[in-house]
Amino acid sequence: MSTTPALASDRPVRVRMAPSPTGSPHVGLARTALFNWAFARHHARHGAGGTFVFRIEDTDAARNTEESYTSLLEVLRWLGLDWDEGPEIGGPFAPYRQSERSEIYRDVLARLRASNYTYDCYCEGDEVTARRKAAGSKVMGYDGFCRELTEEQVAAFRAEGRAPVVRFRMPDGSITFDDLVRGEITFETEFVPDYALCRANGDPLYTLVAPVDDALMEITHVLRGEDLLSSTPRQVALYDALAAVGVGNGTTPRFGHLPYVMGEGNKKLSKRDPEAHLLAYRDQGFLAEGLLNYLALLGWAIAEDRDVFTLDEMVDAFDISRVNPNPARFDLKKCEAINGDHLRMLGVPEVTQRCVPFLVGAGLVADPPTPEQAALLAGAMPLVAERINKLTEVVDMLGFLLVDEAAFTREPADVEKVLTEDGLAVVQASYDALEPLEEWTTVAIEEALRLALVEGRGLKPRNAFGPVRVAVTGRRVSPPLFESLELLGRERGLARLRSALER
């Protein structure tokens, strides 16, 4: 049997994101959601129409949690990947949580059974393994033992108290489909074993519910991870059976299998890898726009010579045929750099607004900031907005300016390295130069320090200003020194220099 999905080219696109609410949402999920969302939005803008369906595959009650379900909604909202149908919105094919669709699955199973597309299987796992070893078979999976049981065999199994699972009867021959990413792919069904559609207690499995919902929700394209490629021939065969028993509109979705996302050591990025957890990126100060831009690069590019683009530009240009099937490596440093590019695209007022929650969380400003704090931020943010790659970095960059004097500290490693005997001599000379200043301005401060340290002591700027920087900001990396001193004010600036000398 050769199967080519029947799909009219002018049919409105309908794609779905269908995660299971187990564990913390990960970057692979977000990459898949992004490609589906962009595909739908591109066709809505340039084609016959596009709909992004958000469906929850929560039939595995033992592993699903309400916390994970809430996290899925939270992370898609944070990323801005809005859905047209799904939880909290509804739609023409509701409900969109599979745990609420049990009656639908029971009806479909009954139709498949009546048409001989399924059979009851009473085998236990160790029996299948033993038969495979005895036969010397290298084909993994079920061996079809229960395909044609006699009434006597069924009665004997039932007498033992065995409850059957329902297996789909794979057709003979081959199954061919045109993958949107990988081209034409053929599977010989002799290597695709019959598979279970429900558990022995009657609960439906993913192998049943995903194709049934795709058929009933009129999904036209299924864009998903490469790890699910091996299940595609099973689903294509099931789509044919569903069409034959009157489930759905009789068409099979087009498939596109997205490349693996690789982590350290060229291993597939696992849920256990720290860089896999999506909400951690929000907590670490990544912008949704920056993270999505980077995730788009894990298999796709807007142009050969361009890495930074907006979500709107991605929607306009997105073409699934340009997805690279080769594995894509997740590079955290590049992700941070692209996030920094998006920060600089926002402008200082917007960056300030987005930084405030992190400053509030660190106890550096009130919520909302007081007028005095707001004034300090207005003066300081232009100094750091161009220097940070993540919103959280503003805490270290501006902590020296916003912290209460009693709580001000210096990084011990920076103190040890910079505030040596020679460094303290530079701090003393700086204090002597700044203390008599009549105007406490950036220009006056810079002029006084350059005169005293560079010209007066013959120091290179790095050696001249490094000790002063650590003395007044507590760190070797900080906003520009002269502007920082002006923002601190005369009293606090001179006090920081004195305290460095007195330590």
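Residues numbered from 1 in each chain as written. Predicted model: local features only at pLDDT ≥ 70, side-chain atom pairs only at ≥ 80, totals over all residues. Heavy atoms only, no water.

Chemist: What is the right way to read helix H18 (residues 461-473) from this model?
Modeler: In an α-helix, one turn spans 3.6 residues; hence positions three or four apart end up facing the same way. An ideal rise of 1.5 Å per residue puts 18 Å on 13 residues; H18 measures up with 17 Å between its terminal C-alpha atoms. Among the residues of H18, Ala464, Phe465, Pro467, Val468, Arg469, Val470, Ala471, Val472 and Thr473 are the ones counted as buried. Residue Gly474 follows H18 closely and has a positive phi angle near 90°. (Helix = DSSP H or I, 4+ residues; strand = E, 2+ residues; numbered from the N terminus. Expected span 1.5 Å × (residues − 1). Buried < 20%, exposed > 50% of the residue type's maximum accessible area, 1.4 Å probe, protein only.)

Chemist: Could you clarify how one ought to interpret the side chain of His342 in this entry?
Modeler: Along the chain, His342 turns up in helix H11 (residues 332-346). When its relative accessible area of 4% is taken as the criterion, His342 is described as buried. For His342, the side chain forms a polar contact with the side chain of Asn293, separated by 2.7 Å. Among all residues touching His342, those that are not within four sequence positions of it are Leu287, Glu289, Gly290, Asn293, Val308, Phe309 and Thr310. (Polar contact = N/O pair within 3.5 Å; in protein donor to acceptor, adjacent residues only side chain to side chain. Contact = heavy atoms within 4.5 Å.)

Chemist: Before we go on, may I ask you to explain the packing of helix H16 (residues 421-434) against H18 in this structure?
Modeler: Think of two packed helices as two axes; the pair is described by the angle between the axes and how far apart they sit. Axis separation between H16 and H18 bottoms out at 8 Å; the angle between their running directions is 80°. In terms of their interaxial angle, H16 and H18 are classed as roughly perpendicular. Here H16 contributes Gly423, Val426, Val427 and Ser430 to the contact with H18, which in turn contributes Asn463, Ala464, Pro467, Val468 and Ala471. Residues that form the contact of H16 with H18 fall into these classes: six nonpolar, three polar and no charged. (Axes fitted to C-alpha atoms, helices over the stretch in contact; angles between N-to-C directions. Parallel < 35°, antiparallel > 145°, perpendicular 65-115°, else oblique. Nonpolar A, V, L, I, M, F, W, Y, C, P; charged D, E, K, R; others polar.)

Chemist: Can you walk me through the pattern of salt bridges in this structure?
Modeler: Where charged atoms from two side chains of opposite charge come close, those side chains can pair. The full count for this structure, using the stated rule, is 39 salt bridges. Two residues, Asp60 and Arg199, come together in a salt bridge whose shortest N-O distance is 3.9 Å. Taken together, the residues Asp60 in the loop between strand S2 (50-54) and helix H2 (66-79) and Arg199 in the loop between strand S7 (195-198) and helix H6 (206-216) connect sequence positions 139 residues apart. We classify Asp60 as partly exposed; its relative accessible area is 23%. Take Arg199: its relative accessible area is 29%, and that puts it in the partly exposed class. Each of Arg16, Arg55, Glu57, Arg101, Asp213 and Asp214 takes part in salt bridges that share partners, so that together they form one network. (Salt bridge = Lys/Arg side-chain N within 4 Å of Asp/Glu carboxyl O.)

Chemist: Looking at this structure, I do not really get the sheet that holds strand S3 (residues 118-121). What am I missing?
Modeler: Hydrogen bonding along the main chain pairs the strands of a sheet, whether they run parallel or antiparallel. Strand order in the open sheet made by the three strands is S3-S4-S7, with antiparallel pairing throughout. Each end of this open sheet is capped by a strand with a single partner; those strands are S3 and S7. Recorded for the sheet is a direction-independent mean angle of 45° between the axes of neighbouring strands. Looking at chain direction, S3 and strand S4 (residues 165-168) are connected through four bridges and run antiparallel. Bridging across to S4, Cys121 finds its partner in Val165. (Pairing = 2+ DSSP bridges.)

Chemist: Would you explain the packing of aromatic side chains in this entry?
Modeler: Both the distance between ring centres and the angle between the ring planes are used here to describe each pair of aromatic rings. All chains considered together, the criterion is met by 13 aromatic pairs. Considering the side-chain rings of Phe177 and Phe187, the 6.2 Å spacing of their centres and the 10° angle between planes classify their relative orientation as stacked. Here Phe177, found in strand S5 (residues 174-179), pairs with Phe187, found in strand S6 (residues 183-188); they are 10 residues apart in sequence, far enough to count as distant. Phe177 sits in the buried class, given a relative accessible area of 2%. These aromatic residues form a ring-pair network of at least three members: Phe35, Trp300, Phe309 and Phe318. When the ring centre of Phe35 is taken as reference, the NZ or CZ atom of Arg31 above it lies at 5.5 Å. One Lys or Arg, Arg97, reaches over the ring of Tyr69 and ends 3.8 Å from the middle of that ring. (Phe/Tyr/Trp six-rings, centres within 6.5 Å; stacked < 30°, edge-to-face > 60°. Lys NZ or Arg CZ within 6 Å of the ring centre and 35° of its normal.)

Chemist: It is not clear to me how the nonpolar core should be interpreted in this structure. Could you clarify?
Modeler: It is characteristic of soluble globular proteins that their nonpolar side chains tend to be buried jointly. The biggest cluster of nonpolar side chains holds 56 residues, and the ones touching the most others in it are Leu79, Trp300, Met314, Phe318, Ile320 and Phe330. At the level of elements, strand S1 (13-17), helix H1 (27-46), S2, H2, helix H8 (278-283), helix H9 (288-296), helix H10 (311-317) and H11 are the ones that each hand at least two residues to this core. Setting aside residues no more than four positions away along its own chain, Met314 makes contact with Leu34, Phe35, Ala38, Ala296, Trp300, Ile302 and Phe309. Formed by 53 residues, the second largest nonpolar core is a distinct cluster that contains Leu343, Phe400, Leu434 and Val468. (Core = buried A, V, L, I, M, F, W, Y, C linked by side-chain atoms within 4.5 Å.)

Chemist: What should I look at first to understand the pairing of S5 in this one?
Modeler: Regular strands place side chains that alternate from one sheet face to the opposite one. The buried count for S5 comes to five of six residues, which makes it a mostly enclosed element. Of the strand pairs in this sheet, S5 and S6 are connected by six bridges, and their pairing is antiparallel. Bridged to Thr176 within S6 is Thr186. Adjacent in sequence and paired antiparallel, S5 and S6 are bridged by three residues.

Chemist: Would you mind going over the packing of H16 against helix H17 (residues 442-455) with me for this structure?
Modeler: Where H16 meets H17, the closest approach of the two axes is 9 Å, and the angle between their N-to-C directions is 130°. Considering their axes alone, H16 and H17 lie oblique with respect to each other. Note that H16 runs across H17; the crossing there is right-handed. For the pair H16 and H17, contact is made by Val426, Ala429, Ser430, Ala433 and Leu434 and by Ile445, Ala448, Leu449, Ala452 and Leu453, respectively. For the contact of H16 with H17, the per-class residue count stands at nine nonpolar, one polar and no charged. (Left-handed = near helix turned anticlockwise from the far one by under 90°.)

Chemist: Explain the pairing of strand S8 (residues 221-225) to me, please; I cannot follow it from the model alone.
Modeler: Of all five residues in S8, five are buried, a share of seventy percent or more. Both S8 and strand S9 (residues 254-258) contribute to a ladder of five bridges, which runs parallel. Paired with His221 across the two strands is Arg254, which belongs to S9. With helix H7 (residues 232-244) bridging S8 and the parallel S9, this β-α-β connection has right-handed handedness. (Right-handed = clockwise from strand over helix to strand, strands pointing away.)

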